[in-house]
Amino acid sequence: MLPDTEHAPRITIAGASGFIGTALCRELARDYPVTALTRSQARAQTPDPDTRITWRHCDLYNLAELTHALKGC
């Protein structure tokens, strides 16, 4: 049973487009809304068939980009 999505915490995964990050996003999206961070602009702009995963482009070494990407998490 899925938790109440209105009150479920949003999980953020850095490196979400990698091998482990992709699997982790899929698994966590079963129970939580997920924000997936990636350096790939193309991946961030490609809609995900799982509407519980939101992709955001972000360079983890850029504080402004990271702060923007983490909004709502």
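In this text, all values refer to a predicted model and were calculated from it rather than measured experimentally.

> Explain the overall build of the protein to me, please; I cannot follow it from the model alone.
A count of helical and extended segments in the protein gives 3 helices and 3 strands. Each helix and strand of the protein, placed in order from N terminus to C terminus, yields the pattern β-α-β-α-β-α. For 73 residues, the compact-globule estimate of 2.2 N^0.38 gives 11 Å, and the protein sits close to it at 12 Å. Taking the principal axes of its C-alpha atoms as reference, the protein extends roughly 35 × 25 × 20 Å. Classification of the 73 residues of the protein by burial places 26% in the buried group. Counting contacts in the protein only where the partners sit at least 6 residues apart, residues at least 24 apart contribute 31% of the total. Here the protein contributes 8 positive and 8 negative side-chain charges, whose respective centroids are spaced 4 Å apart.

> Could you clarify how one ought to interpret the state of the cysteines in this entry?
In a disulfide, the sulfur atoms of two cysteines are covalently bonded to one another. In the structure shown here, the tally under the stated rule is 0 disulfides. The thiol of C58 is not disulfide-bonded; the next cysteine sulfur, from C73, is found 10 Å away. Owing to a relative accessible area of 2%, C58 belongs among the buried residues under this scheme. Residue C73 is classed as partly exposed on the basis of its relative accessible area, which comes to 42%.

> Would you explain the sheet that holds strand β2 (residues 34-38) in this entry?
Backbone-to-backbone hydrogen bonds pair the strands of a sheet. The strands run either parallel or antiparallel. Ordered by their spatial adjacency, 3 strands build an open sheet running β1-β2-β3, and the pairing between neighbours is parallel. Because the sheet does not close on itself, it has two edges, and the strands there are β1 (11-14) and β3 (53-57). The sheet shows a mean angle of 25° between the axes of neighbouring strands, taken without regard to direction. Contacts between helix α1 (residues 19-28) and the sheet are confined to β1, β2 and β3, with β1 contributing the most and set at about 170° to the helix.

> Looking at this model, I keep getting lost on the pairing of β2. Mind explaining?
On a regular strand, one side chain projects to one face of the sheet and the next to the other, so that they alternate. When you tally the buried positions in β2, you get 5 out of 5 residues, the bulk of the element. With burial as the criterion, each face of β2 is covered, one bearing V34, A36 and T38 and the other bearing T35 and L37. When β1 meets β2, the two strands line up parallel, connected through 4 bridges. The partner of I13 across the bridge, within β2, is A36. As a crossover connection, the stretch from β1 through α1 into β2 is right-handed. Two elements, β2 and β3, share 5 bridges in a ladder whose sense is parallel. Across the sheet, T35 pairs through a bridge with T54, a residue of β3.

What counts, and where the lines are drawn
Residues numbered from 1 in each chain as written. Predicted model: local features only at pLDDT ≥ 70, side-chain atom pairs only at ≥ 80, totals over all residues. Heavy atoms only, no water. Helix = DSSP H or I, 4+ residues; strand = E, 2+ residues; numbered from the N terminus. Rg over C-alpha atoms; globule rule 2.2 N^0.38 Å. Buried < 20%, exposed > 50% of the residue type's maximum accessible area, 1.4 Å probe, protein only. Contact = heavy atoms within 4.5 Å. Lys, Arg positive; Asp, Glu negative; His and termini not counted. Charge placed at Lys NZ, Arg CZ, Asp CG, Glu CD. Disulfide = S-S within 2.5 Å. Pairing = 2+ DSSP bridges. Axes fitted to C-alpha atoms, helices over the stretch in contact; angles between N-to-C directions. Right-handed = clockwise from strand over helix to strand, strands pointing away.

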